[in-house]
Amino acid sequence: MGDALPKEVGRAIRVLRLLHGLSYAEFAEKARLSATYLRQVERGERDLGLGALALIAQGLNCDARLLLPGDGRSPVSAVVADRFDRAPEALQEALLFLLIEPDDSQKKKAILALINDDPERGRPRSRPRPEERGSRGSAPPSSSRKPGR
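Read on for an overview of the structure. (Residues numbered from 1 in each chain as written. Predicted model: local features only at pLDDT ≥ 70, side-chain atom pairs only at ≥ 80, totals over all residues. Heavy atoms only, no water.)

A word on the overall build of the chain. From N to C terminus, the chain includes seven helices and zero strands. Reading the chain from its N terminus to its C terminus gives the helix and strand order α-α-α-α-α-α-α. Out of the 149 residues belonging to the chain, those deemed buried represent 25%. Expressed as a percentage of contacts within the chain between residues at least 6 apart in sequence, the contacts between residues at least 24 apart total 45%. If you sum the accessible surface of the chain, you get close to 11,100 Å²; carbon and sulfur atoms cover 53% of it. (Helix = DSSP H or I, 4+ residues; strand = E, 2+ residues; numbered from the N terminus. Buried < 20%, exposed > 50% of the residue type's maximum accessible area, 1.4 Å probe, protein only. Contact = heavy atoms within 4.5 Å. Areas by Shrake-Rupley, 256 points an atom, 1.4 Å probe, with all protein chains shown as cover.)

All right, on to the side chain of R17 then. Within the element layout of this structure, R17 appears in helix α1 (residues 4-19). For R17, a relative accessible area of 4% translates into the label buried. Those residues in contact with R17 that lie beyond four places of it in its chain are L22, S23, Y24, F27, E42 and L60.

Considering all chains together, one arrives at zero aromatic pairs under this definition. Seen from the ring of Y24, R17 lies directly overhead, with NZ or CZ sitting 4.0 Å from the centre. One residue, R39, lies across the ring of Y24, its end atom 4.6 Å from the ring centre. (Phe/Tyr/Trp six-rings, centres within 6.5 Å; stacked < 30°, edge-to-face > 60°. Lys NZ or Arg CZ within 6 Å of the ring centre and 35° of its normal.)

The next thing to look at is a nonpolar patch on the surface. Together, L96, L99 and I100 make up a nonpolar patch on the protein surface, roughly 350 Å² of accessible area in all. Tracing the backbone through its elements, the reader meets L99 in helix α6 (residues 89-100). Overall, the relative accessible area of 70% leaves L99 in the exposed class. (Patch = residues over 30% accessible without salt bridge, like charges linked within 9 Å, V, L, I, M, F, W, Y side chains within 5 Å. Salt bridge = Lys/Arg side-chain N within 4 Å of Asp/Glu carboxyl O.)

Below, the discussion takes up helix α7 (residues 106-117). Here α7 spans 16 Å end to end across 12 residues, near enough to the 16 Å set by a 1.5 Å rise per residue. At the N-terminal boundary of α7, the capping side chain belongs to S105, with an oxygen 3.3 Å from the backbone nitrogen of K107. (Expected span 1.5 Å × (residues − 1). Polar contact = N/O pair within 3.5 Å; in protein donor to acceptor, adjacent residues only side chain to side chain.)

Here the focus is the nonpolar core. One finds I13, F27, L38, I56, L60, C62 and L67 to be the most contacted residues of the largest nonpolar core, which totals 23 residues. Put simply, the parts of the chain that give this core at least two residues each are α1, α2 (24-31), α3 (35-42), α4 (50-60) and α5 (75-86). At five residues, α4 tops the list of elements feeding residues into this core. Beyond its immediate sequence surroundings of up to four residues, I56 is in contact with I13, F27, A31, L33, L38, V41, L48 and L67. (Core = buried A, V, L, I, M, F, W, Y, C linked by side-chain atoms within 4.5 Å.)

Enumeration according to the criterion identifies five salt bridges in this entry. A salt bridge links R43 to E45; the nearest nitrogen and oxygen atoms lie 3.0 Å apart. For D103, the salt bridge is made with K108, and the minimal N-O distance between the two is 2.7 Å. The class for D103 is exposed, based on a relative accessible area of 63%.

In structure tokens form, the structure reads like this:
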């Protein structure tokens, strides 16, 4: 039980950092703590005092209590529940549908396929699509058809 608390708190910190899209360097700057220390805290390798917890919460723009286990839930559950509660109602309904709908549902498969193929979803793509490849400013691929036909 003694090792469980730092790991749970670290997991909650990591989840919230990732939800905010913060790198360790950005997080360290916002929290006014070293990136090395924050990595160790996230991995549950370092205990943290109340002062450090307050700085971390400030860097994550959340209440420090959100990072601590309470009411029988893990800190990660509390973080996710807080983000869910602040989401627009339409997004909440969509998330609930995806969580409740059976994995073999054709409707769920279609929605997940759309999410995975949507270039406007706000995340940088790991590799460019075939139509995005090639150098900038190069001519489009030539057609096999000749003009005038």
